[in-house]
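Chain residues, written in single-letter form:
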Amino acid sequence: MQLVRGLHNLLPLTQGCVATIGNFDGVHRGHQAILARLRERSIELGVPSCVVIFEPQPREFFAPDTAPARLTRLREKLELLAAQGVDRVLCLAFNRRLRELSADEFVRQVLVEGLRIKHLEVGDDFRFGAGRSGDFDFLVQAGVQQGFSVEAALTVELDGERISSTRVRQALQAGRSSDEAACYQQFAVHDCLNQVRARVREAENRLRRQELQINDEERREKAAERRRSIEERQQEQRQNLQSG
């Protein structure tokens, strides 16, 4: 799998590509369904598949203090995307310049001139461009004008509820291991989930060690105070004996 960091490093393939855009945090079953469909379209059109992601993720840029914790680090996400057969990942820096791109400019600079896109898979609730001015219908019209097709990404449900990174995050927080497992399919993703749990356990153990260290320091301080008190009493007794 090829990783391209930044649009300026992108060398457009003459044959174009099929692409999808999103955070793909965790690469769960919902993401896997999108990537499977992307592979199908890639084979049908005879062009590579590309996943467009952002660093930082948009919510981390706009609200860093309240953005949800990630399920996967960037490196883990890339490994999972590679395991799903993705040919190329375009990682765009989400910064002020990208935020201020209009929907028209995003389509032209990223999709048309950058990727030479032939087909795009996105959720029907996808929003992009300055002020979130671009949506699914906008992309469909842009595709008609620029010569690429647009398809609404598949939605995968579990017990009547859409599988999403938010749902997996909630299952993790609530300790619902069966729900977590149902949101995943492949061993690579289970392994990634185990890494997330390991990081949580590591953080908890680190806090416990810090608490134990604090308790040890408090015990040592109290012991030192007792020794000082005993020494002071002994000194006082010796002085009394000498004066008597």
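See the structure above.
Not measured: the values here are computed from a predicted model.

This paragraph deals with a positive patch on the surface. There is a patch of like positive charges on the surface, built from Lys222, Arg226, Arg227 and Arg228. Along the chain, the position of Arg226 falls in helix α9 (residues 187-243).

On the surface, Glu217, Glu218, Glu221 and Glu225 cluster together to form a negatively charged patch. Structurally, the position occupied by Glu221 is in helix α9.

What follows covers the pairing of strand β5 (residues 117-122). Counting buried positions over the six residues of β5 gives five, a clear majority of the element. Across four bridges, the pairing between strand β2 (residues 17-21) and β5 is parallel. Across the sheet, residue Ala19 finds its bridge partner in β5, namely Leu120. Judged from the four bridges that link them, β5 and strand β6 (residues 149-152) form a sheet pairing that is parallel. Bridging across to β6, His119 finds its partner in Ser149.

Relative to the helices and strands, Arg41 resides in helix α1 (residues 29-45). With a relative accessible area of 17%, Arg41 lands in the buried category. With sequence-adjacent residues up to four places away left out, Arg41 is seen in contact with Val18, His119, Glu121, Ser149 and Glu151.

Calculation criteria
Residues numbered from 1 in each chain as written. Predicted model: local features only at pLDDT ≥ 70, side-chain atom pairs only at ≥ 80, totals over all residues. Heavy atoms only, no water. Patch = residues over 30% accessible without salt bridge, like charges linked within 9 Å, V, L, I, M, F, W, Y side chains within 5 Å. Areas by Shrake-Rupley, 256 points an atom, 1.4 Å probe, with all protein chains shown as cover. Salt bridge = Lys/Arg side-chain N within 4 Å of Asp/Glu carboxyl O. Lys, Arg positive; Asp, Glu negative; His and termini not counted. Charge placed at Lys NZ, Arg CZ, Asp CG, Glu CD. Helix = DSSP H or I, 4+ residues; strand = E, 2+ residues; numbered from the N terminus. Buried < 20%, exposed > 50% of the residue type's maximum accessible area, 1.4 Å probe, protein only. Pairing = 2+ DSSP bridges. Contact = heavy atoms within 4.5 Å.

The values are spatial; any link to function lies outside them.
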